[in-house]
Amino acid sequence: MFCEQCEQTASGQGCHQWGACGKSPAVNGVQDLLVYCLRSLAPVALKAGELGLSILEVDRFTCESLFTTMTNVNFDQRYFANLIRHAIALREDLKVQIAQSTSIEWPEIADYQPDFTESLAEQGENLTARLLESAKGNPDIFALKLLVLYGAKGMASYAFHAYELGQEDPDIYQFCHQALHAVDQDHLTLEEWVALALKIGEMNLKAMACLDAGHTETYGHPVPTTVPLNPRPGKAILVSGHDIKQLAALLEQTLDSGITVYTHGELLPAHGYPQLKERYPHLYGHYGTAWQNQTRDFAKFPGPVVITTNCLMPPHETYEEHLYTVGPVGFPGIIHLPTLDDTVDYSLVISRAKTMEGFTEETEPRQVMTGFARNAVLSVSETIIDAVKQGQIRHFFLVGGCDGAKPDRNYYTEFVEKVPQDCVVLTLACGKFRFFDRQLGTIGGIPRLLDVGQCNDAYSAIQIALGLANAFEMDVNELPLSMVLSWYEQKAIAVLLTLLHLGIKDIRLGPTLPAFLTPNVFKLLSETYNLQPISTPEADLAACLAV
Ligand code: FS2
Ligand code: SF4
């Protein structure tokens, strides 16, 4: 087994025996085989697109499939076996269609055929072993190939979410196939690989813009919203992951049921969407913190739990019988909810909630705020600009990104705690749960801690930065703004590439640097963008404020 795609990769050296995320070598093998089959589909899809054939199904399938191979999404071998079969079937069908208008000599990979009578996991492992062998001559190129592949997974996941909300861009799909096809190219130079990685950043910005449009056109622009952290007595359902459309579907199906719906993890920002707030009063509060604490949070929750996207951990026996997955998420033995007429049917979850105890007692009120997305922040940009000009706000920090179990992630908590009183912290994604309930007060009526949203809302944070730069009439790199980011999985890689594509400099990245980047590749990025690893909260704060 070989996997290096996330921050918790074993000993910073790659997972070779078993995934630190709980992924078995067998699941890793079928995931690798699926990615190989998507790579074999890519040149055929590109040709079909060139010929004007309809490939929307292939486009969507490719993005959803890539999403399933991301960290903490799906652990079910049978699910991957089905996707592998489907990838080959789609490819062969396209070839037949193409043959009707032209004759093509396909590259070897486009004729690859897995042997479904043998172990698919072993076949995937063998293909990855071949890829690793070929990398020995040039580790820097291999690092950039992985950067492109992992970045493409992140981009594909955003494109998938956007598609669910009715937003699609053929350019993103086409580029996704190009990026997958590139992994098989051995003639690209280092500079060309870097350019391709930055192109992922560019196309990921488009994918995130589509997703933002999907969210805001469907549910309205988020507004600042107070969210209770204390449960209220009554039957309860907990929804985790990022998928707001799935949350909305569950809310619709539980309307007038008397069941209270709580968000978990990255669904906290859902409370800020007007169309959800107004229509669904039973969308009440938030329960628990970041994904890596789910075994504790889910075990205590007195109702069923639905996971809509990453990050799923291997479930404990204390809650596995009332845990449910939807969409691309899966785990063997855990019920995957059926879809009827394009909508997930939550009746199993609802009936389970009715048989479980629910919350029985009032607890002391606690609350947090969310909903400071681009519209909310930029609508008060004049107040913000005045506060900066009058010296009330000295600096902005974007402290955002993923969370994880490693103790060195305490850096981010300490960093926020040490931010001086005359500075504002913008945050997003699940890393915020280390400090999201801190009472940091306000400056001239502006809260000092502003939750922009999920990791999926990185687009909103970028628009805030660009909007402020525009209002101040300066380059974004001249703003009194520092980005201190935490990464964990492949969406974070795609977002980092977007920030680099936008020319944003001086980003601090942690808690560790990606294991798959070689020192040479990182040096190249740091020389161009002054991308740097985090050091200590004190030293980094001082350096940011000295500029
Ligand atoms: Fe957090 Fe996990 Fe959001 Fe990442 S819930 S680390 O995959 O997507 O951020
Ligand atoms: Fe290891 Fe991360 Fe890959 Fe899981 S996803 S096997 S933890 S590198």
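Note that the coordinates shown come from a computational prediction; the quantities given were computed from them, not determined experimentally.

Peer 1: Give a detailed account of the packing of aromatic side chains, specifying residues and quantitative values.
Peer 2: Pairs of aromatic rings are described using the distance from one ring centre to the other and the angle between the two planes. Taken as a whole, this structure holds 20 aromatic pairs when the rule is applied. Seen in terms of ring centroids, Tyr262 and Tyr284 are 5.7 Å apart; in terms of plane orientation they differ by 85°. Their pairing is edge-to-face. Remark: Tyr284 occurs in strand S4 (residues 283-286) and Tyr262 occurs in strand S3 (residues 260-263); sequence separation between them is 22 residues. Overall, the relative accessible area of 17% leaves Tyr284 in the buried class. Judged by centre distance (6.4 Å) and plane angle (90°), the ring pair of Trp487 and Phe516 falls under edge-to-face. Of this pair, Trp487 sits in the loop between strand S16 (481-486) and helix H16 (490-501) while Phe516 is found in the loop between strand S17 (508-510) and helix H17 (519-529), placing the two residues 29 residues apart along the sequence. Neither residue differs from the other here; Trp487 and Phe516 are each classed as buried. For the cation-ring pair, Lys432 lies above Phe433, with the distance from its terminal atom to the ring centre recorded as 5.7 Å.

Peer 1: Report on the domain arrangement of the protein, specifying residues and quantitative values.
Peer 2: Where interface size is quoted, it is often the accessible area lost as the parts come together. Along its sequence, the protein is carved into domain 1 (1-136), domain 2 (225-355) and domain 3 (371-545). At the junction of the two partners, domain 2 supplies 18 residues and domain 3 supplies 20 residues. For the pairing of domain 2 and domain 3, the buried interface totals around 1400 Å² over both sides, and the portion due to carbon and sulfur atoms is 64%. Taken together, the links from domain 2 to domain 3 amount to eight residue pairs in polar contact (both at pLDDT 80 or more). In terms of residue class, the side of domain 2 that touches domain 3 is made up of nine nonpolar, eight polar and one charged.

Peer 1: Tell me about the nonpolar core, and please be specific about residues and values.
Peer 2: Membership of the largest hydrophobic core comes to 168 residues, with the highest contact counts inside it found for Ile237, Leu247, Leu276, Tyr346 and Ile507. The element contributing the most residues to this core is helix H5 (residues 139-164), with 16 residues. The contact partners of Leu276, leaving out residues within four places of it in the chain, are Tyr219, Ile244, Leu247, Ala248, Leu251, Ala270 and Leu283. Counting residues in hydrophobic clusters, the runner-up holds 17 residues, among them Ala236, Phe298, Ile307 and Ile334.

Peer 1: Residues and numbers for the pairing of strand S10 (residues 367-370), please.
Peer 2: Across the two faces of S10 the burial differs, with Val368 and Thr370 buried and Gln367 and Met369 not buried at all. Both strand S1 (residues 225-228) and S10 contribute to a ladder of four bridges, which runs antiparallel. Considered in S10, the bridge of Thr226 is made with Met369.

Peer 1: Mind laying out the side chain of Thr325, listing which residues take part and the relevant values?
Peer 2: Following the sequence through the fold, Thr325 ends up in strand S6 (residues 323-325). On the basis of relative accessible area, Thr325 is assigned to the buried category, the value being 0%. Thr325 has contacts with Ile307, Leu312, Gly330, Ile334, Ile335, His336 and Leu337, leaving out every residue within four places of it along the chain.

Peer 1: If you had to explain the UniProt feature "binding site: [4Fe-4S] cluster" (unreviewed entry) in the protein to someone new, which residues and values would you point to?
Peer 2: Taken from the UniProt record, the annotation "binding site: [4Fe-4S] cluster" (unreviewed entry) applies to Cys3, Cys6, Cys15 and Cys21. A maximum C-alpha distance of 10.7 Å among these annotated residues, which run over 19 residues, shows that they cluster at one spot. Looking at the secondary structure, you find Cys3 in the segment before helix H1 (25-50). Relative accessible area serves as the criterion here: at 12%, Cys3 is assigned to the buried category.

Cut-offs applied
- Residues numbered from 1 in each chain as written.
- Chains lettered and ligands numbered in written order.
- Predicted model: local features only at pLDDT ≥ 70, side-chain atom pairs only at ≥ 80, totals over all residues.
- Heavy atoms only, no water.
- Phe/Tyr/Trp six-rings, centres within 6.5 Å; stacked < 30°, edge-to-face > 60°.
- Helix = DSSP H or I, 4+ residues; strand = E, 2+ residues; numbered from the N terminus.
- Buried < 20%, exposed > 50% of the residue type's maximum accessible area, 1.4 Å probe, protein only.
- Lys NZ or Arg CZ within 6 Å of the ring centre and 35° of its normal.
- Domains from an automatic or database assignment.
- Contact = heavy atoms within 4.5 Å.
- Buried area = accessible area lost by both parts, 1.4 Å probe.
- Polar contact = N/O pair within 3.5 Å; in protein donor to acceptor, adjacent residues only side chain to side chain.
- Nonpolar A, V, L, I, M, F, W, Y, C, P; charged D, E, K, R; others polar.
- Core = buried A, V, L, I, M, F, W, Y, C linked by side-chain atoms within 4.5 Å.
- Pairing = 2+ DSSP bridges.
- UniProt positions renumbered as here; feature names shortened; annotations may be inferred.

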